[in-house]
Amino acid sequence: MDLLSQLPLAIALLLASLWLYKQWRSTTQSHKLKLKSPPEPQGAWPLIGHLHLLSGQVPLARTLGAMADKYGPVFLFRLGVHPVLVVNNWESFKECFTTHDKTFASRPQSGACKLLCTSEAPLFRQYLTNIELVLNVIVLCIGFTDLYT
């Protein structure tokens, strides 16, 4: 019976400690994130991010343009759990790819890019050889018809 009488107190202490940890974590992370990340729209949902802001009859370009008017030419947007940097200005785009080009070049390569963009792709290996054969036949046929005309 003594454990049941202490249970509400234990639950209250656990909830209070979780709340204090959350407050401490948000204050320590907010200083780090404010120095490093561009502005981000409020209202991101846990699993879908800002996808709910893109729904509706308004085209995507106009939605992102309105966000750029509100948050500036460079802002952060979450598609699901992945952050996306939106650059909506030529000067900012140029700065990203000239001044900060090492940052963009050092991104890890995805598995999908390795499968789709390389010639060692096991998924498309048989099709690539067939396409090469068809292209060779087309080039040879066009070459031979040019000789006889």
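Residues numbered from 1 in each chain as written. Predicted model: local features only at pLDDT ≥ 70, side-chain atom pairs only at ≥ 80, totals over all residues. Heavy atoms only, no water.

## Some remarks on a nonpolar patch on the surface
Working step 1: Judged by side-chain polarity, Trp45, Leu47, Ile48, Leu51, Leu79 and Val81 come together as a nonpolar surface patch covering roughly 580 Å² of accessible area.
Working step 2: With respect to the helices and strands, the residue Leu51 is situated in helix α2 (residues 51–54).
Working step 3: Look at Leu51 and you get partly exposed, because its relative accessible area is 38%. (Patch = residues over 30% accessible without salt bridge, like charges linked within 9 Å, V, L, I, M, F, W, Y side chains within 5 Å. Areas by Shrake-Rupley, 256 points an atom, 1.4 Å probe, with all protein chains shown as cover. Salt bridge = Lys/Arg side-chain N within 4 Å of Asp/Glu carboxyl O. Helix = DSSP H or I, 4+ residues; strand = E, 2+ residues; numbered from the N terminus. Buried < 20%, exposed > 50% of the residue type's maximum accessible area, 1.4 Å probe, protein only.)

## Quick notes on the layout of surface pockets
Working step 1: Its boundaries defined by the atoms lining it, the second largest pocket holds a volume of some 320 Å³.
Working step 2: Counting only elements with at least two residues in the lining of the second largest pocket, the list comes to β2 (82–87), α4 (90–98) and α5 (101–105).
Working step 3: It is α4 that provides the largest number of residues to the lining of the second largest pocket, a total of 5 residues.
Working step 4: For the lining of the second largest pocket, the per-class residue count stands at 7 nonpolar, 3 polar and 2 charged. (1 Å grid on protein atoms, 1.4 Å probe; cavity = no way out; pocket = protein on both sides within 12 Å on 5 of 7 lines; lining within 4 Å. Points joined across faces, edges and corners; volume = space filled by probe spheres on them. Nonpolar A, V, L, I, M, F, W, Y, C, P; charged D, E, K, R; others polar.)

## Points about helix α3 (residues 60–71)
Working step 1: In this model α3 runs 16 Å from its N-terminal to its C-terminal C-alpha over 12 residues, within 8% of the 16 Å that 1.5 Å per residue would give.
Working step 2: Residues of α3 that are buried include every one of Thr63, Met67 and Ala68, and no others. Buried positions in α3, seen along its axis, are confined to an arc of 140 degrees and lie on one side of it. Pointing more than 90 degrees away from the buried face of α3 are the exposed residues Ala61, Arg62 and Asp69.
Working step 3: Next to the buried residues of α3 lie α2 and β1 (74–79).
Working step 4: Looking one or two places after α3, you find Gly72, whose phi comes out positive at around 105 degrees. (Expected span 1.5 Å × (residues − 1). Arc of directions from axis to C-beta. Contact = heavy atoms within 4.5 Å.)

## Some remarks on the side chain of His50
Working step 1: Position of His50 relative to the elements: it lies in the loop between α1 (2–36) and α2.
Working step 2: Residue class for His50 comes out buried when judged on its relative accessible area of 0%.
Working step 3: Discounting residues that sit within four places of it in the chain, His50 has contacts with Glu40, Pro41, Gln42, Gly43, Ala44, Phe77 and Arg78.

## Focus: the pairing of β2
Working step 1: By the bridge criterion, 6 bridges tie β1 to β2 in an arrangement that is antiparallel. The partner of Phe75 across the bridge, within β2, is Val86.
Working step 2: In sequence, β1 turns back onto β2 through a hairpin of 2 residues, with Gly80 there showing a positive phi of about 70 degrees. (Pairing = 2+ DSSP bridges.)

## Let's talk about the side chain of Thr63
Working step 1: If you trace the backbone, Thr63 turns up in helix α3.
Working step 2: The buried category is assigned to Thr63, whose relative accessible area is 13%.

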